[in-house]
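# Survey of secondary and tertiary structure
This is what each chain is made of:
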Amino acid sequence: MDFSFQLYSARNFPPLDGVLARIAKLGYRQVEGFGGLYAEADSLAASLKQHGLTMPTGHFGLTQLKDTDAALKTAETLGMKFLYCPAIPKEDRVQDEAKWIELGETLAKLGEAFRKRGFGFGWHNHDFEFSPLSNGKLPMDVLLETAGNNEWEMDVAWVVKGGQDPIAWIKKYGPRINAVHVKDLAPAGQNLNEDGWADVGHGTLDWQALSTAIKTHTNARYWVMEHDNPADIDRFASRSLAAVQAWK
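Keep in mind that what you see is a predicted model, and the values were worked out from it rather than measured.

## Comments concerning the overall build of the chain
Along the chain, the regular secondary structure elements total 10 helices and 10 strands. Over its C-alpha atoms the chain spans a radius of gyration of 17 Å, differing by no more than 12% from the 18 Å that the globule rule assigns to 248 residues. Reported as C-alpha extents along the three principal axes, the dimensions of the chain are approximately 50 × 45 × 35 Å. Across the 248 residues that make up the chain, the buried fraction comes to 53%. A fraction of 74% describes how many contacts in the chain between residues 6 or more apart in sequence connect residues 24 or more apart. Only carbon and sulfur atoms are counted for the fraction: they give 49% of the accessible area of the chain, which is about 10800 Å². Positive and negative charge centroids in the chain, built from 26 and 32 side chains respectively, lie 4 Å apart.

## Quick notes on the side chain of Asp184
By the element assignment, Asp184 lies in strand β8 (residues 184-185). We note that Asp184 is buried and unpaired, the nearest opposite charge coming from Arg239 at a distance of 9.2 Å. Engagement of the side chain of Asp184 in a polar contact is seen with the backbone nitrogen of Gly201, the distance being 3.0 Å. For Asp184, the side chain forms a polar contact with the main-chain nitrogen of Thr204, separated by 3.2 Å. Not counting residues within four places of it along the chain, the set of residues in contact with Asp184 comprises Ala157, Trp197, Ala198, Asp199, Val200, Gly201, His202, Gly203, Thr204, Leu205 and Trp207.

## Some details on unusual backbone geometry
Residue Pro14 is joined to Pro15 through a cis peptide bond whose omega torsion reads 5 degrees. In this structure, Pro15 sits in the loop between β1 (2-6) and α1 (16-26). Although it is not a glycine, Asn191 adopts a positive phi angle of roughly 55 degrees. Within the fold, Asn191 resides in the loop between β8 and β9 (197-198). With a relative accessible area of 28%, Asn191 lands in the partly exposed category.

## Considering the packing of α1 against helix α2 (residues 41-50)
Where α1 meets α2, the axes come as close as 9 Å, and the angle between the chain directions of the two elements is 25 degrees. By the angle between their axes, α1 is roughly parallel relative to α2. When the axes of α1 and α2 are compared, the crossing they make is right-handed. Counting all contacts with α1, which are made through Leu16, Asp17 and Leu20, the residues of α2 involved are Leu44, Ser47, Leu48 and Gln50. When its residues are assigned to classes, the contact of α1 with α2 shows 4 nonpolar, 2 polar and 1 charged.

## Some thoughts on helix α5 (residues 97-116)
Over its 20 residues, α5 runs 29 Å from end to end, which matches the ideal 28 Å to within 8%, given 1.5 Å per residue. Taken residue by residue, α5 has Glu97, Trp100, Leu103, Gly104, Leu107, Ala108, Leu110, Gly111 and Phe114 as its buried positions. At its buried positions, α5 is contacted by α3 (62-66), α4 (68-78), β4 (82-85), β5 (120-124) and α6 (139-146). Of the residues trailing α5, Gly118 is marked for its positive phi of about 90 degrees.

## Some remarks on the pattern of salt bridges
Applying the stated criterion across every chain yields a total of 12 salt bridges. When salt bridges that share partners are traced, they join Asp155, Lys183, Glu226 and Asp228 into one network.

## Describing the sheet that holds strand β3 (residues 54-59)
Ordered in space as β1-β2-β3-β4-β5-β6-β7-β10, the 8 strands form a closed barrel in which the pairing is parallel. Direction aside, the axes of adjacent strands within the sheet are offset by 30 degrees on average. Strand direction decides the pairing type here: β1 and strand β10 (residues 222-225), joined by 4 bridges, are parallel. Bridge pairing in β10 links Ser4 to Val224.

About the criteria used
- Residues numbered from 1 in each chain as written.
- Predicted model: local features only at pLDDT ≥ 70, side-chain atom pairs only at ≥ 80, totals over all residues.
- Heavy atoms only, no water.
- Helix = DSSP H or I, 4+ residues; strand = E, 2+ residues; numbered from the N terminus.
- Rg over C-alpha atoms; globule rule 2.2 N^0.38 Å.
- Buried < 20%, exposed > 50% of the residue type's maximum accessible area, 1.4 Å probe, protein only.
- Contact = heavy atoms within 4.5 Å.
- Areas by Shrake-Rupley, 256 points an atom, 1.4 Å probe, with all protein chains shown as cover.
- Lys, Arg positive; Asp, Glu negative; His and termini not counted.
- Charge placed at Lys NZ, Arg CZ, Asp CG, Glu CD.
- Salt bridge = Lys/Arg side-chain N within 4 Å of Asp/Glu carboxyl O.
- Polar contact = N/O pair within 3.5 Å; in protein donor to acceptor, adjacent residues only side chain to side chain.
- Axes fitted to C-alpha atoms, helices over the stretch in contact; angles between N-to-C directions.
- Parallel < 35°, antiparallel > 145°, perpendicular 65-115°, else oblique.
- Left-handed = near helix turned anticlockwise from the far one by under 90°.
- Nonpolar A, V, L, I, M, F, W, Y, C, P; charged D, E, K, R; others polar.
- Expected span 1.5 Å × (residues − 1).
- Pairing = 2+ DSSP bridges.

If you want it as structure tokens, here you go:
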């Protein structure tokens, strides 16, 4: 089990090099990148090396992924092993199953292209994939069924926000899940200044049970700590790592 840190959590706490230094000091050895960081991939790679960090996984927007050669160059520069598409624009989240099948086919073709070059590829969920389509199907099922060779980085807290039981999905698609986002939700009405998110182990999710299910049913190699809007990045990073190390 390798604990990583999604750098999107620290987007509001520049400079990035300072964040890398602090999370490395706390004990993290891996980070996960996101699309906004890749413009200066060479300098980012140098900063990672300086602080003893690696970036085995990264998020890339669909437009970035379609420029496959550029995405591969970024992945190679940063030493990534797996690329994930994290979302689509809100206007594309439609009720028509055909559109989701079309997206799944696009993701399947991208996955083939990346795998041919030695990289893994998959989808990272939010909550909109669990909103029923007009025919009752769930987009998450459609995407995984249409792109049958792609993997899934499960964002557990977004599954819960989508009204679903993550353990049921873990059991259903376990072999497809090769990474998870480890995050937490505050009780209703709390942490409003942080959009209702919580430090891992300080919210409502039963991470002890979740971690057991993930280890039992999935192939998850990467456990990525994330908070979508922390008020204090050092507090989130330190408290969350302490919590997960207690049940590792």
